[in-house]
Amino acid sequence: MNDGNKISVVINTYNAERDLVRVLEAVKDFDEVLICDMESTDSTLDIAKKYGCRIVTFERKANNIVEPAREFAIHEARYDWVLVVDADEVVTPELKAFLYSHIAKQGCADGLYIPRKNYFMGHFMRSLYPDHILRFFRKDITHWPPVIHCSPVVDGKVDKIPANRMELAFEHLANDTVADIVRKANIYSENEVPRRRKKNYGVLALLCRPFYRCFKSYVLKQGFRDGIPGLIHAMLEGYYQFVVVAKLLEERLQAR
């Protein structure tokens, strides 16, 4: 197989020991598995070494989000095609076969959005599926901005794997608790504030943005089909919007 038909799997890690064995077991037969570690203090690196992964380090410094390390990681990969996998995502055998068949085609898309199955309270969330994420691409025409919740930018043709191909979806192992989501809301909102400073949010946004996000999740995306977990998750999405706007208003008031 020439290098143009080889795939590097890139995994960014920080204290990722919980799910890493399952994640690496699923990708061990790709051409390369690259771990980009942000100075883990648990057994992450021991697990990676056991699986023969190539390891590079991205200094954590003040970073509490993964995006600043993405660009560095994907361009450290050896091969042209890169599959980015989080340290709590499992690649199915069907997805692996699909990706190799994709790059063997003439004129194939330069990037692919891959569906992902998400869980909450141990419940598969229909309202969060397909949650398409752009994770497979040619590295030489891809840039990953260092901004929270940002997707990579591919300078080429991008396609989506259809949602009805559920066997090709990432299996997301996170299954966050309510406490996890509340904790992350504080961390993520701190990084969200700088990029939203130019938004002229007022009291109306404090009311409307949380309501709309909750409504969108529970009604428009049919979170009601997920029962109690769907209702709680929708309200937590609204809560996140409330926290972001509240922090922006707090910052503005303190600056007076």
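All of the points below concern the structure found in this document.

**Notes on a nonpolar patch on the surface**
Working step 1: On the surface, F211, Y212, F215, V219 and L220 cluster together into a nonpolar patch covering about 510 Å² of accessible area.
Working step 2: Structurally, the position occupied by V219 is in helix α6 (residues 203–220).

**A word on the pattern of salt bridges**
Working step 1: For the structure on display, the rule yields 20 salt bridges.
Working step 2: K184 is the partner of D176 in a salt bridge, and the nearest nitrogen-oxygen pair spans 2.9 Å.
Working step 3: Where R197 meets E251, a salt bridge forms, and the shortest distance between an N and an O atom there is 2.8 Å. Here R197 is found in the loop between α5 (178–196) and α6, whereas its partner E251 is found in helix α7 (residues 227–254), with 54 residues between them in sequence.
Working step 4: Exposure remark for R197: the relative accessible area of 47% places this residue in the partly exposed category.
Working step 5: The exposure class assigned to E251 is partly exposed, which follows from its relative accessible area of 31%.
Working step 6: Taken together, the shared-partner salt bridges connect R70, D86, E89, R116, D131 and R135 into one network.

**Quick notes on the sheet that holds strand β3 (residues 54–57)**
Working step 1: Reading across from one edge, β3-β2-β1-β4-β10-β6-β13 is the order of the seven strands in this open sheet, with mixed pairing throughout. Two strands in the sheet have a free side with no partner beyond their single neighbour: β3 and β13 (158–160). Here the strands of the sheet are splayed against their neighbours by 25° on average, with no regard to which way each runs.
Working step 2: Direction of pairing for strand β2 (residues 32–37) relative to β3: parallel, over a ladder of four bridges. Considered in β3, the bridge of L34 is made with R54.
Working step 3: Across the sheet, helix α1 (residues 17–27) lies against β1 (7–13) and β2, angled at about 175° from β1, the strand it touches most.
Working step 4: The sheet strands contacting helix α4 (residues 93–103) are β1, β4 (81–84), β6 (111–114) and β10 (133–138), and the helix crosses β6 at an angle near 160°.

Definitions and cut-offs
Residues numbered from 1 in each chain as written. Predicted model: local features only at pLDDT ≥ 70, side-chain atom pairs only at ≥ 80, totals over all residues. Heavy atoms only, no water. Patch = residues over 30% accessible without salt bridge, like charges linked within 9 Å, V, L, I, M, F, W, Y side chains within 5 Å. Areas by Shrake-Rupley, 256 points an atom, 1.4 Å probe, with all protein chains shown as cover. Salt bridge = Lys/Arg side-chain N within 4 Å of Asp/Glu carboxyl O. Helix = DSSP H or I, 4+ residues; strand = E, 2+ residues; numbered from the N terminus. Buried < 20%, exposed > 50% of the residue type's maximum accessible area, 1.4 Å probe, protein only. Pairing = 2+ DSSP bridges. Axes fitted to C-alpha atoms, helices over the stretch in contact; angles between N-to-C directions. Contact = heavy atoms within 4.5 Å.

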